[in-house]
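Examination of the molecular architecture
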Amino acid sequence: MAFRFFRRVRLAPGLTLNLSKSGPSLSIGPRGAKITVGPRGTRLTAGIPGTGLFYTVTPGRGGGRRPGGRREGGDAGRVGDPAGPDLDLGLFERLVMSDEEEAFVDGLKALSGGDVESALGFLERAGDHPDVYCVAGIAHLQCGDPAAAATALERALSDPARVGERLARMGVGTLGFLMVTEEIVAPLWPDAVSASLALVEAYQSTGRWDMAAGLLESLLGELADDPVLLLSLVEIYTDTVPEDEGFLRRVLELTTGVDNESAVHAALLLHRARAFIGLGLHEAALETLTAALRRKAGRPPELLRAIRYERAGVYEKLGRRKSAQRDLERIYADDPGYEDVAARLGLI
């Protein structure tokens, strides 16, 4: 997973100003289907029905990266109403607030404006509360200090029932987004589950894959149907330790019965197929990948290419070279620069 904090301000129905460290951008369109124009170019955003998730696509961007792979950075707010709270306090509000609450608000403002150093300074004066540690953990992730983030988030989760308590009073609806894969983006709510997901990111960034997986396994014990948690966990098992047969069998156990209901479920099927491949079960992998490609509506193009690329490799292992050629040619037609497709087609 990867993380970035930002804040959105609604200017008018269908028009949103996004404030982040990379600069301001404008989002145009109804909830669930937006076009965003900003310093990073133009992005299309679409919701995944029934999951509370969404994915983003940058038109014209080359592939070259498989959606299930490890990322160095990415985007990290909530699907639904994206409008952030009003954190500009008037004189009366400041008079009735404690010094700690005022420092907390100032820390949130600084963080949403991209001034992480100032945010951490304010949060140090914001008192001993799980929400303070939660936001501090996110700030540390933002500035590239996952070890400090883990320490702060562990302190927040020492009293999980109170995570989100102060944030809810101040009208904060979201803390950011976590990229679960290259396209699948999950909202971070101000609650213990999202604090746990941020802690998973901190553990992964410091190489503590076993602790990240253990935390996700624990969360899934309580929220077995949460596709974000499930996808985060199987990604760790298939990408971090792909040769471990015990982990691969665990992926198959976790993904048993997954149907191709949405983009996030298609991504789960991709990881299920990778587990089959790791165990040498290529016919089972082929069947899984073909099922993942049966529904294309609402699936990010990059995800479909990754599934097709994996299937081409399985076809080759099964000696079905013409079928592999068809998949590689389809990928090349969509994105000539994807992975090593051109070389495998003998074009370079």
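Residues numbered from 1 in each chain as written. Predicted model: local features only at pLDDT ≥ 70, side-chain atom pairs only at ≥ 80, totals over all residues. Heavy atoms only, no water.

Section: the packing of aromatic side chains
Within the structure shown, the criterion is met by two aromatic pairs. Geometrically, the ring pair formed by Y237 and F247 is stacked, given 4.7 Å between the ring centres and 10° between the ring planes. Highlighted residues: Y237 in helix 9 (residues 227–240) and F247 in helix 10 (residues 245–254), separated in sequence by 10 residues. Take Y237: its relative accessible area is 7%, and that puts it in the buried class. A centroid spacing of 5.7 Å and a plane angle of 65° characterise the contact between Y309 and Y338, whose relative ring orientation is edge-to-face. Linking Y309 in helix 13 (residues 301–317) with Y338 in the loop between helix 14 (321–334) and helix 15 (341–344), this pair joins segments that are 29 residues apart in sequence. Exposure class is identical for Y309 and Y338. Each is buried. One Lys or Arg, R166, reaches over the ring of F104 and ends 5.3 Å from the middle of that ring. In this structure, R344 packs its charged tip against the face of Y309, placed 5.1 Å from the ring centre. (Phe/Tyr/Trp six-rings, centres within 6.5 Å; stacked < 30°, edge-to-face > 60°. Helix = DSSP H or I, 4+ residues; strand = E, 2+ residues; numbered from the N terminus. Buried < 20%, exposed > 50% of the residue type's maximum accessible area, 1.4 Å probe, protein only. Lys NZ or Arg CZ within 6 Å of the ring centre and 35° of its normal.)

Brief notes about helix 7 (residues 192–205)
Since there are 3.6 residues in each turn of an α-helix, residues three or four apart along the chain are aligned in direction. With 14 residues, helix 7 should reach 20 Å at 1.5 Å per residue; the first-to-last C-alpha distance of 20 Å fits that figure. Most of helix 7 is tucked away: 11 of the 14 residues are buried. Listed as buried for helix 7 are S194, A195, S196, L197, A198, L199, V200, E201, A202, Y203 and Q204. Residue D191 occupies the N-cap position of helix 7, its side-chain oxygen lying 3.3 Å from the main-chain nitrogen of V193. Positive phi shows up at G207, right after helix 7, with a value of about 80°. (Expected span 1.5 Å × (residues − 1). Polar contact = N/O pair within 3.5 Å; in protein donor to acceptor, adjacent residues only side chain to side chain.)

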